[in-house]
Protein chains: 2
Amino acid sequence: MARPGNPKEKIMATAGRLFYEQGYNATGINQVLEEAGVAKASLYTHFGSKEELGLAYLKEARMQWFAAITAVVEQKTDPEDRLLATFEFLEKQLPLQHFKGCRFINMLAEIGDAQPEMQQQVLEHKRKLRRYLHQLLIAIPGQAAAGTADTIYLLFEGAIVESKIYKEIWPVKTAKKTVKRLISMD
Amino acid sequence: MARPGNPKEKIMATAGRLFYEQGYNATGINQVLEEAGVAKASLYTHFGSKEELGLAYLKEARMQWFAAITAVVEQKTDPEDRLLATFEFLEKQLPLQHFKGCRFINMLAEIGDAQPEMQQQVLEHKRKLRRYLHQLLIAIPGQAAAGTADTIYLLFEGAIVESKIYKEIWPVKTAKKTVKRLISMD
DNA sequence: ATAATAATAGACAAATTTGTCTATTATTAT
DNA sequence: ATAATAATAGACAAATTTGTCTATTATTAT
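Just so it is clear, the structure is predicted and the values come from calculations on it, not from any experiment.

**Student:** It is not clear to me how the protein's contact with DNA strand C should be interpreted in this structure. Could you clarify?
**Tutor:** Surveying the vicinity of DNA strand C reveals 16 residues, the closest of which are I29(A), N30(A), K40(A), K50(A) and S42(B). Sugar and phosphate atoms constitute 63% of the interface atoms of DNA strand C, taking the interface as everything within 4 Å of the protein. Within the side chain of Y44(A), an N or O atom sits 3.1 Å from a phosphate oxygen of DNA strand C. Between a phosphate oxygen of DNA strand C and a main-chain N or O atom of A39(B), the distance comes to 3.3 Å. Every element with two or more residues in the surface near DNA strand C is listed here: α2 (29-36) and α3 (40-46) of chain A together with α3 (40-46) of chain B. Within the surface near DNA strand C, the residues separate by chemical class into 7 nonpolar, 7 polar and 2 charged.

**Student:** Please clarify how the relation of the copies chain B and chain A should be interpreted in this entry.
**Tutor:** Applying a rotation about an axis and a shift along it to one chain copy brings it onto the other copy. Once chain B has been moved 0.0 Å along the axis and rotated by 180°, it coincides with chain A to within an RMSD of 0.0 Å. The transformation relating the two chain copies, once decomposed into turn and shift, fits a two-fold axis. When C-alpha positions in chain B are compared against the rotation axis, the closest is assigned to G158(B), at 2.1 Å. A shared interface surface links the copies, since 97% of the contact residues of chain B are contact residues in chain A too.

**Student:** Would you mind going over the packing of aromatic side chains with me for this structure?
**Tutor:** Pairs of aromatic rings are described using the distance from one ring centre to the other and the angle between the two planes. Residue and element names in this part refer to chain B. All chains considered together, the criterion is met by 20 aromatic pairs over all chains. Each ring, one from F19 and one from Y24, has its centre 5.1 Å from the other, and the planes form 75°; the classification is edge-to-face. Each member of the pair, F19 together with Y24, is buried. Ring centres of F19 and Y57 lie 5.3 Å apart, and the angle between their planes is 85°; on these two criteria the pair is classed as edge-to-face. Here F19, found in helix α1 (residues 7-22), pairs with Y57, found in helix α4 (residues 50-73); they are 38 residues apart in sequence, far enough to count as distant. For the pair F19 and Y57, a shared accessibility class is recorded, and that class is buried.

**Student:** Looking at this model, I keep getting lost on the interface of chain B and chain A. Mind explaining?
**Tutor:** Accessible area lost when the parts come together is the quantity often used to give the size of an interface. Residue-level contacts link 38 residues of chain B with 38 residues of chain A. Buried area between chain B and chain A, summed over both chains or domains, comes out near 3,300 Å², and the portion from carbon and sulfur atoms is 65%. For the chain B face of the interface with chain A, the top three residues by lost area are L154(B), I165(B) and R181(B), together amounting to 19%. Put simply, chain B and chain A have 0 salt bridges between them.

**Student:** Would you take a moment to explain the protein's contact with DNA strand D for this structure?
**Tutor:** Close to DNA strand D lie 16 residues; S42(A), I29(B), N30(B), K40(B) and K50(B) are nearest. When atoms of DNA strand D within 4 Å of the protein are sorted by moiety, sugar and phosphate together comprise 63%. The separation between a phosphate oxygen of DNA strand D and a polar main-chain atom of I29(B) is 2.8 Å. Separating a base oxygen of DNA strand D from a side-chain N or O atom of K40(B) is a distance of 2.7 Å. Looking at the surface near DNA strand D, the elements that each hand over two or more residues are α3 of chain A together with α2 (29-36) and α3 of chain B. Classifying every residue of the surface near DNA strand D by side-chain character gives 7 nonpolar, 7 polar and 2 charged.

**Student:** Please clarify how helix α5 (residues 79-96) of chain A should be interpreted in this entry.
**Tutor:** Given 3.6 residues to a turn, an α-helix orients residues that are three or four positions apart in the same direction. Residue and element names in this part refer to chain A. For α5, with 18 residues, the first-to-last C-alpha span of 26 Å sits near the 26 Å given by 1.5 Å per residue. Where α5 bends most, the angle comes to about 30°, and this point is A85. Of the positions making up α5, those classed as buried are L83, L84, A85, T86, F87, F89, L90 and L94. Each element contacted by the buried residues of α5 is listed here: α4 (50-73), α7 (116-138), α8 (148-166) and α9 (170-183). One or two steps after α5, the chain reaches H98, where phi turns positive at roughly 55°.

Reading the values: rules and limits
- One numbering rule holds for all chains: residues counted from 1, following each sequence as written.
- Chains carry letters and ligands carry numbers; both start at the beginning, A for chains and 1 for ligands, and go up in the order they are written.
- For a predicted model such as this one, the threshold for reporting local features is a pLDDT of at least 70, and the threshold for listing and counting side-chain atom pairs is 80 or more; totals across whole chains, interfaces and linings nevertheless cover every residue.
- Excluding hydrogens and water, the side-chain figures rest on all heavy atoms present in the structure.
- A single heavy atom is enough: if one lies within 4 Å of a molecule or strand, its residue is considered near that molecule or strand.
- Within 3.5 Å is the distance limit for a polar contact, defined as a pair of N or O atoms, with the added protein rule that one can donate a hydrogen and the other accept it, and that residues adjacent in sequence qualify only through two side-chain atoms.
- Here a helix means four or more residues in a row that DSSP labels H or I, a strand means two or more in a row labelled E, and each is numbered from the N terminus.
- Only Asp, Glu, Lys and Arg are considered charged, only Ala, Val, Leu, Ile, Met, Phe, Trp, Tyr, Cys and Pro nonpolar, and every remaining residue, Gly among them, polar.
- Least squares is the method for superposing the copies, and the C-alpha atoms it fits come from residues with pLDDT of at least 70 in both.
- By definition, residues are in contact when any of their heavy atoms lie within 4.5 Å.
- What counts as a ring pair is set by centres within 6.5 Å for rings of Phe, Tyr and Trp (its six-membered ring), and what kind of pair is set by the plane angle: stacked under 30 degrees, edge-to-face over 60, tilted for all other angles.
- Here the term buried applies to any residue with accessible area under 20% of the maximum for its type, exposed to any over 50%, and partly exposed to those in between, with areas from a 1.4 Å probe on protein chains only.
- Buried area is calculated as the accessible area (1.4 Å probe) missing from two parts once they are joined, with the contributions of both summed.
- When a carboxyl oxygen of Asp or Glu lies within 4 Å of a side-chain nitrogen of Lys or Arg, that pair is called a salt bridge.
- Expected helix span is taken as 1.5 Å per residue step, with the number of steps being one fewer than the number of residues.
- The quantity called bend is, for any residue, the angle between two axes fitted respectively to the seven residues ending at it and the seven beginning at it.

Structural measurements only, silent on function.
The structure is reproduced here in structure tokens:
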């Protein structure tokens, strides 16, 4: 079961996969260790506890998620195409991940007020996404934004969550269609 | 810790509260028993396992949730008011529940493909909600529906999820405003 | 009143979970 | 080459988890 990379990276990769596939609480540290092919002490020297591993997971996921979505958006030059590319990102990504939904929303459902740092990571991730969509919208000439940016944000988030529930892509397509309609209204 | 009702009802009430507040996996059977003031054997005669209790919880929650939302909708007679009343239901309900979000989406984040019956309950709950919103929309004269009903559904769901993340009510207000705008377009 | 049923307290088991610690081996830097 | 550092295997502990079982008590129906 040896995997490429140093023990810390192996733990991060395996935990990232298992937390997403099975959930944070349903994944034991022993399974992570076993599938990563790494000694238990390595986990506790690099991360102090399971909770810190969970926090590291969220931080890593934030970075990777934004890297992935911006990479797709930056392939486009037209402002409208750039906004719509965020939904095309979902259309490609969600089926590839077997409609497991959003890592952050999933984690938030599992943790409580006893883990404020994790809650904070989720909140900051979503704030950043909200700002990002807002920026993409106001880059389109003649878009006053106002409530429209938040509507787009709600549709984006709704699309992720519902495609998880139905394990179908129509929520993303519907959201994208509505966004097109909204930005052609003003 | 004696609570009103027979043991089965006490377990349902306590599990319903704890699963929602703490999450399903984070809530042990012993805590449910202790807070319900009920013997362990009572749980295992009425429900065969924790998983069956989880399933009963979802079924009960489905019933109660629809009873609550339809009660609010049925106070209105004007079709447009009836559709908007669903968002007013959220505006009232979510803060009262301290923005814990949707019981079904929360549960879905915790369970995997090993619990298909629970997944099915979530799916059927959401299908029913989707149909319900569709019906409320097409009752408004001059509404062709088409994709609009699903857009409203996505905004409704997005509003629940995001108000949980931000612990603020603006997502519901934004969603409601957009729905008003959408139905006055055609 | 009495018999049948339901519920209780709580011991117990088996498995699992997070986390620590030790002795040994491998890797890296000088 | 050698010393310092990193990683390993795995025993061990303490707590927790789900679930079973027993002997006793309370409730309900006749």
